[in-house]
Amino acid sequence: MQHLKPWLLAAGFSERVIEDKFVGFGQGYKSMSPALRDLESIILEKKLRHGAHPVLQWCASNCVIALDDAGNRKLSKKRSTGRIDGMTALTMAFGVTPMRAPTFDVEALIA
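K.L.:
I'm lost on the packing of helix H4 (residues 54-62) against helix H5 (residues 85-96) in this one. Help?
P.N.:
Each pair of packed helices can be summarised by the angle the axes make with each other and by the distance between the axes. Taken N-terminus to C-terminus, the directions of H4 and H5 make an angle of 90 degrees; their axes are 7 Å apart at the nearest point. The orientation of H4 with respect to H5, classified from their angle, is roughly perpendicular. Along its contact with H4, which presents Leu56, Cys59 and Ala60, the element H5 presents Asp85, Gly86, Met87 and Leu90. Classifying every residue of the contact of H4 with H5 by side-chain character gives 5 nonpolar, 1 polar and 1 charged.

And the structure:
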């Protein structure tokens, strides 16, 4: 976000809009490990629907996992065989989603 925020401001976004609509998310072990765990869980449960998107499939086939001394994991761009950007973005989406409270009460719609 530190690199994106100045560009957003220059494009006319207000500080308030940036604060409300954007969430910073790192690509280090601390942020990526829980996000990767959640994504893997959904994949293994066969709950991820991506429409057999060829670019995402290609990115997934290129992925290599890096492990730190504490057992945390993240996708490794350095060790991967090709582009992994789609999977990195998907992993980050899984990581940032729980950070945001729902804007409406889903349970209230089910009654």
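K.L.:
How do you make sense of the layout of surface pockets when you look at a structure like this?
P.N.:
Gaps left between atoms show up when a probe the size of a water molecule is rolled over them. When its volume is computed, the largest pocket comes out at roughly 230 Å³. Lining the largest pocket, in full, are Gln27, Met32, Lys74, Leu75, Ser76, Lys77, Lys78, Ile84, Asp85, Thr88, Ala89 and Met92. At the level of secondary structure, the elements contributing two or more residues to the lining of the largest pocket comprise strand S2 (73-75) and H5. If you tally residues by element for the lining of the largest pocket, the top one is H5, at 4 residues. Split into classes, the residues belonging to the lining of the largest pocket amount to 5 nonpolar, 3 polar and 4 charged.

Definitions and limits used
- Residues numbered from 1 in each chain as written.
- Predicted model: local features only at pLDDT ≥ 70, side-chain atom pairs only at ≥ 80, totals over all residues.
- Heavy atoms only, no water.
- Axes fitted to C-alpha atoms, helices over the stretch in contact; angles between N-to-C directions.
- Helix = DSSP H or I, 4+ residues; strand = E, 2+ residues; numbered from the N terminus.
- Parallel < 35°, antiparallel > 145°, perpendicular 65-115°, else oblique.
- Contact = heavy atoms within 4.5 Å.
- Nonpolar A, V, L, I, M, F, W, Y, C, P; charged D, E, K, R; others polar.
- 1 Å grid on protein atoms, 1.4 Å probe; cavity = no way out; pocket = protein on both sides within 12 Å on 5 of 7 lines; lining within 4 Å.
- Points joined across faces, edges and corners; volume = space filled by probe spheres on them.

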